[in-house]
Amino acid sequence: MQAVAPFLAAATQPDLWAARQQMALSLGWHIVIACFGVGFPALVVLAEGLAIRRNDPVAMALARRWSKVLTVLFAIGAVSGTILSFELGILWPGLMRTFGDVWGLPFAIEGIAFFVEAIFVGLYLYGWDRFPPKVHLLTGIPIVIAGVASAWFVVTANAWMNQPQGFDVAKYRAVGVVTDIDPWKAMFNPATPPQTTHMVLAAFMVAGFGTAAVYAASMLRGRRGRYQRLAFGLAFAMAAIVTPVQIGVGDWAARFLAERQPVKFAALEGLKETTTRAPLNIGGLYIDGEVRYGLEVPGALSWLAYRDTDAQVAGLNEVPVSEQPPVAVVRTAFQVMVGVGTGLLLLSAWFGLYWWRRRRLPSSRVFLWAAVAAGPGAALALEAGWVATEVGRQPWIVYGVMKVQDAVTTAPGIRFGYFALIAVYSAMTVGTVFVLRRLASVPLPPDIEAAP
Amino acid sequence: MSLAEVVLAVMWVGVTLYAVFAGADFGAGFWDLFSGGARGGRESRALIERSLGPVWEANHVWLIFVLVILWTGFPAAFAAIASVLYVPLTVAAAGIILRGAGFVFREPVEGVGMKRTFGAMFAASSIITPFFLGAVAGGVASGRVPAGPVEGMPAHPLTPWTGPTSLLGGTLAVVTTAFLGAVFLAVDAQRQQNVELTEQFRRRAIGAGLVAGAVVMGGIGVLADDAPRLFTGLTGRALPLVIGSAVSGIGAIVLLWKRRFVAARLAAVMAVVAVVWGWAAGQYPEVLVGDLSIDGAAGSRSSLMAMLVCLAVGAILFVPPLALLLLLHARGRLTDPARQ
């Protein structure tokens, strides 16, 4: 009975810490792989399309090699996403019991999109040399479309957590009963357009920069044949085209927050008091209610939020302390995302200008080292963005409607599940890295490797 | 039939397809584990890899459908089942992750040691996952999941899923998937004109079928004692399905004996389908035995309607390519070496 004592001890109090950590681990792991699931098929199809169009054996070798990588990435993306469906109920039964039917619809549609994706992945990956080339290429296109669609729909569900509607909110707040449910209205909530766009573009950035980083590393080691240049060029170009758009979308998303989720916006910027002509603090740390050691630009925050340097920006003091998110975490995460994003923008500009002036890839060691860093950098920005938006919503699980502590399970002993999953995800991470490196180390056919 | 019943029926179609197709895939993993040493089992494992490769992910998606239909259609039931039975569900989810990873990691790596490690990961979790999903089913079927939010939470996380019905459900899931897997693999081996493997999987299928039959027979006694409501349903309203399952199961074994593999596969599938629907008919109209009826658990009408419309439109999108995938694969057009 000694062994079960901790279970019983925990039975009286919900273990919010463990539930949060477990969700963060599962989601944080899945989201990176899922980005490859959304963005990487486009690269594979692009390479194959080029190969067919130009009758190019190098591009064909690349498409086939990438197809093997897709097999691995898609599979672990699919299985690591499944556990999230379990966890919504395992960890947050209060949320699901109350709102399952309000926000379930986009998950059902995502399921359909994911089904289409899985079916065509089967056809595409096993259809090499079995379908005529153009037919095979066509089986790849639904993977790209369905991948984007499934990301879009699942993010509408997260957007709903930020901007809940599609039920009588006032009545729920008053008496705790959910009525007048309209799942379509819930899905097409105000946060849906900026959030879904931001996430889908992020997926293409993570997949593009992540893939390009592998070949930048290869080029730094002296393998600068056509194969490596093509792989690097395709992947980096995809990401570089998306990046400037993403910066614009990020601005849109931030202004949306200033308007609709002012507390989160204040937390992102570390703005304690409601301020007119609010300054923007770049860098620095949020300590004891103020930003220290940052670079302060007067009026810039007001301008960013409302395009007016004198505008009033709401501070955290608009809500009681019990309804404020942990500012230091949120602000730091946001700074990391914006900082890395700016770096990626500069790198994309470098790439674009170089290509525009000289019609070839920049190949200096400085650029390639920066491109290597951009791979993990994009993933870091992605994670930081998710931390900013998720932690920035705290203490709400459904903004202004339900607090996290009212959604969490009361089941005893859930931290043991969390510890077990740490082991599973550690093994998965090691396995994935090992297998991808193994795939990368398979020598290319000599004529492909030697292509100048 | 009420709207909620239609939604539940649609969900149960998902459960059925998951049990049959993913079930056969789990069963293939079961036989992967018992295929012997690296050299002796090479051909058997290659057959299993080819048989699963193009379709296992699509077959897995049925589970996701079931989950989202359950939480959108019957939020209270989903919340109760997931939170009360979180231990077996977490193990099953971990099993799903390790199984998929093990399967795709095994092919590209080199060396017996690496292949064995990932292969064992794939095969062991192919047994663990259905066992724990079966234990979940047993917990629900024996009325161990109360509907209430906080007050319904049992003090100990092991009690709701370690009862006799859960052990029966888990065992039945493992032997049934092993049976289905062997039958499907026998058909594949025969199509590839591999006599040795065909015979091997024929023997395995017959063995697993007999064990499954014995477990079901013993299970009836367990249910009478541990899940009386379900037992009453199974011996009443659901009796035709129970008999149908028994007849199909025996038929499948006879057909295997006579080496009529394609017909045997159909009979085996029918036996599993009848068990799944027999459970549903036996438990009807309760979602959580003794606590929550179908209409009591149902979500809002507008959400049920919207979801049904989306699933209908979605079916138009995914059913034709899915049929194509399964058909091409059944004919060996995606994996058989001889037919390139």
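Residues numbered from 1 in each chain as written. Chains lettered and ligands numbered in written order. Predicted model: local features only at pLDDT ≥ 70, side-chain atom pairs only at ≥ 80, totals over all residues. Heavy atoms only, no water.

Moving on, we get to the overall build of chain A. Within chain A one finds 17 helices and 8 strands. The globule rule puts the C-alpha radius of gyration for 452 residues at 22 Å, and the 24 Å found for chain A is close to it. Counting only C-alpha atoms and orienting by the principal axes, one finds that chain A spans roughly 70 × 60 × 45 Å. When each of the 452 residues of chain A is scored for burial, the buried share is 59%. Sequence-distant contacts in chain A: of pairs separated by 6 or more residues, those separated by 24 or more amount to 78%. For chain A, the accessible area works out to roughly 18,200 Å², and carbon and sulfur atoms hold 65% of it. (Helix = DSSP H or I, 4+ residues; strand = E, 2+ residues; numbered from the N terminus. Rg over C-alpha atoms; globule rule 2.2 N^0.38 Å. Buried < 20%, exposed > 50% of the residue type's maximum accessible area, 1.4 Å probe, protein only. Contact = heavy atoms within 4.5 Å. Areas by Shrake-Rupley, 256 points an atom, 1.4 Å probe, with all protein chains shown as cover.)

Broken down by element type, chain B carries 13 helices and 2 strands. By principal-axis analysis of the C-alpha atoms, chain B measures approximately 55 × 40 × 35 Å. Looking at chain B as a whole, 60% of its 340 residues qualify as buried. Put simply, of all contacts in chain B between residues at least 6 apart along the chain, 79% involve residues at least 24 apart. Total accessible area computed for chain B in this model is approximately 13,000 Å², and 69% of it derives from carbon and sulfur atoms. One finds the centroid of the 23 positive side-chain charges in chain B at a distance of 10 Å from the centroid of its 18 negative side-chain charges. (Lys, Arg positive; Asp, Glu negative; His and termini not counted. Charge placed at Lys NZ, Arg CZ, Asp CG, Glu CD.)

All names here are of chain B. For the coordinates displayed, the defined rule picks out 42 aromatic pairs over all chains. Their ring planes at 50 degrees and their centres at 5.7 Å tell us that Phe132 and Trp161 sit as a pair that is tilted. Of this pair, Phe132 sits in helix α6 (residues 112-141) while Trp161 sits in the loop between α6 and α7 (164-191), placing them 29 residues apart in sequence. The burial state of Phe132 is the same as that of Trp161; both residues are buried. (Phe/Tyr/Trp six-rings, centres within 6.5 Å; stacked < 30°, edge-to-face > 60°.)

Our next topic: the side chain of Glu117 of chain A. Tracing the backbone shows Glu117 of chain A in helix α5 (residues 105-126). For the buried Glu117 of chain A, which has no salt bridge, the nearest side chain bearing the opposite charge is Arg99 of chain B, at an N-O separation of 17 Å. Look past the residues within four positions of Glu117 of chain A in its chain and what remains in contact with it is Gly37, Phe74, Ile143, Ala146, Gly147 and Ser150 of chain A. (Salt bridge = Lys/Arg side-chain N within 4 Å of Asp/Glu carboxyl O.)

Each partner contributes to the interface: chain B provides 69 residues, whereas chain A provides 64 residues. Note on chain B versus chain A: buried area summed over both sides is about 5,800 Å², and carbon and sulfur give 79% of it. Contact with chain A buries surface across chain B, with Trp71, Tyr86 and Ile97 of chain B losing the most and accounting together for 12% of the total. Of the charged contacts in the structure, one is a salt bridge between Glu110 of chain B and Arg438 of chain A, with a shortest N-O distance of 3.1 Å. Viewed at the interface, chain A and chain B are joined by 13 residue pairs in polar contact (both at pLDDT 80 or more). (Buried area = accessible area lost by both parts, 1.4 Å probe. Polar contact = N/O pair within 3.5 Å; in protein donor to acceptor, adjacent residues only side chain to side chain.)

Residue and element names in this part refer to chain A. Together, Trp17, Phe416, Phe419 and Ile422 line one region of the surface with nonpolar side chains, adding up to about 370 Å² of accessible area. Looking at the nonpolar patch element by element, the count peaks at 3 residues for helix α16 (residues 414-441). Considering the arrangement of structural elements, one finds Phe416 in helix α16. (Patch = residues over 30% accessible without salt bridge, like charges linked within 9 Å, V, L, I, M, F, W, Y side chains within 5 Å.)

Attention now moves to empty space enclosed by the protein. Residues and elements named next belong to chain B. Within the structure shown, the criterion is met by 3 cavities of 30 Å³ or more. If you add up the space inside the largest cavity, you get close to 40 Å³. Leu47, Arg50, Ser51, Asp188, Arg191, Gln192, His329, Thr335 and Asp336 are the residues that line the largest cavity. Of the residues contributing to the lining of the largest cavity, the split by class is 1 nonpolar, 4 polar and 4 charged. (1 Å grid on protein atoms, 1.4 Å probe; cavity = no way out; pocket = protein on both sides within 12 Å on 5 of 7 lines; lining within 4 Å. Points joined across faces, edges and corners; volume = space filled by probe spheres on them. Nonpolar A, V, L, I, M, F, W, Y, C, P; charged D, E, K, R; others polar.)

Attention now goes to the pattern of salt bridges. Going through the model one piece at a time under the given rule, you end up with 19 salt bridges over all chains. Its salt-bridge partner being Arg415 of chain A, residue Asp15 of chain A comes within 2.7 Å of it at the nearest N-O pair. With Asp15 of chain A in the loop between α1 (5-9) and α2 (16-54) and Arg415 of chain A in helix α16, the pair connects residues that are 400 residues apart, well separated along the chain. Given the relative accessible area of 32%, Arg415 of chain A is considered partly exposed. Each of the salt bridges in this network shares a partner with another, and the network as a whole consists of Asp32, Arg45, Glu49 and Arg106 of chain B.

All names here are of chain B. The contact between helix α10 (residues 239-257) and helix α11 (residues 261-283) brings their axes to 8 Å, and the two run at 160 degrees. As far as their axial angle goes, α11 and α10 are roughly antiparallel. Considering the relative orientation of α10 and α11, their crossing is left-handed. Seen from α10, the contacting residues are Leu241, Gly244, Ser245, Ser248, Gly249, Gly251, Ala252, Leu255 and Leu256; seen from α11, they are Phe261, Ala263, Ala264, Ala267, Ala268, Met270, Ala271, Ala274, Val275, Trp277, Gly278 and Ala281. The residue inventory of the contact of α10 with α11, partitioned by class, reads 15 nonpolar, 6 polar and no charged. (Axes fitted to C-alpha atoms, helices over the stretch in contact; angles between N-to-C directions. Parallel < 35°, antiparallel > 145°, perpendicular 65-115°, else oblique. Left-handed = near helix turned anticlockwise from the far one by under 90°.)

The amide bond that connects Gln394 of chain A to the next residue, Pro395 of chain A, takes the cis arrangement and shows omega of 5 degrees. Of note, the amide linkage connecting Tyr284 of chain B to Pro285 of chain B takes the cis form, showing an omega dihedral of 0 degrees. Within the fold, Pro285 of chain B resides in the loop between α11 and β1 (286-288). Positive phi, close to 50 degrees, is recorded for Asp288 of chain A, a residue that is not glycine. In this fold, Asp288 of chain A is placed in the loop between β3 (285-287) and β4 (290-292). Given the relative accessible area of 69%, Asp288 of chain A is considered exposed.

We now examine the nonpolar core. If you look at soluble globular proteins, the nonpolar side chains tend to sit buried side by side. All names here are of chain A. Within the largest apolar cluster, 243 residues are counted, with the highest numbers of intra-cluster contacts made by Trp66, Trp92, Leu95, Phe99, Trp103, Phe232 and Phe236. At 21 residues, helix α3 (residues 57-91) tops the list of elements feeding residues into this core. What Trp103 contacts, discounting residues up to four positions off in sequence, is Leu88, Leu95, Met96, Ala157, Trp160 and Met161. Counting residues in hydrophobic clusters, the runner-up holds 30 residues, among them Ala159, Val263, Leu280 and Phe334. (Core = buried A, V, L, I, M, F, W, Y, C linked by side-chain atoms within 4.5 Å.)

With that out of the way, let us pick up the packing of helix α1 (residues 3-33) of chain B against helix α13 (residues 301-330) of chain B. Residue and element names in this part refer to chain B. Interaxial distance between α1 and α13 falls to 10 Å at its minimum, and their mutual angle equals 30 degrees. With respect to α13, the element α1 is oriented roughly parallel. Between α1 and α13 lies a crossing whose hand is left-handed. Across the interface between the two elements, Leu3, Ala4, Val6, Val7, Val10 and Phe21 from α1 touch Arg301, Leu304, Met305, Met307, Leu308, Leu311 and Leu326 from α13.

It is worth spelling out the confidence of the model for chain A at this point. Per-residue pLDDT for chain A has a mean of 93; in total, 97% of the residues score no lower than 70. Segment residues 1-11 of chain A: pLDDT under 50, and 14 contacts once partners within four positions in sequence are set aside and those in other chains are kept. (pLDDT = per-residue confidence, 0-100.)

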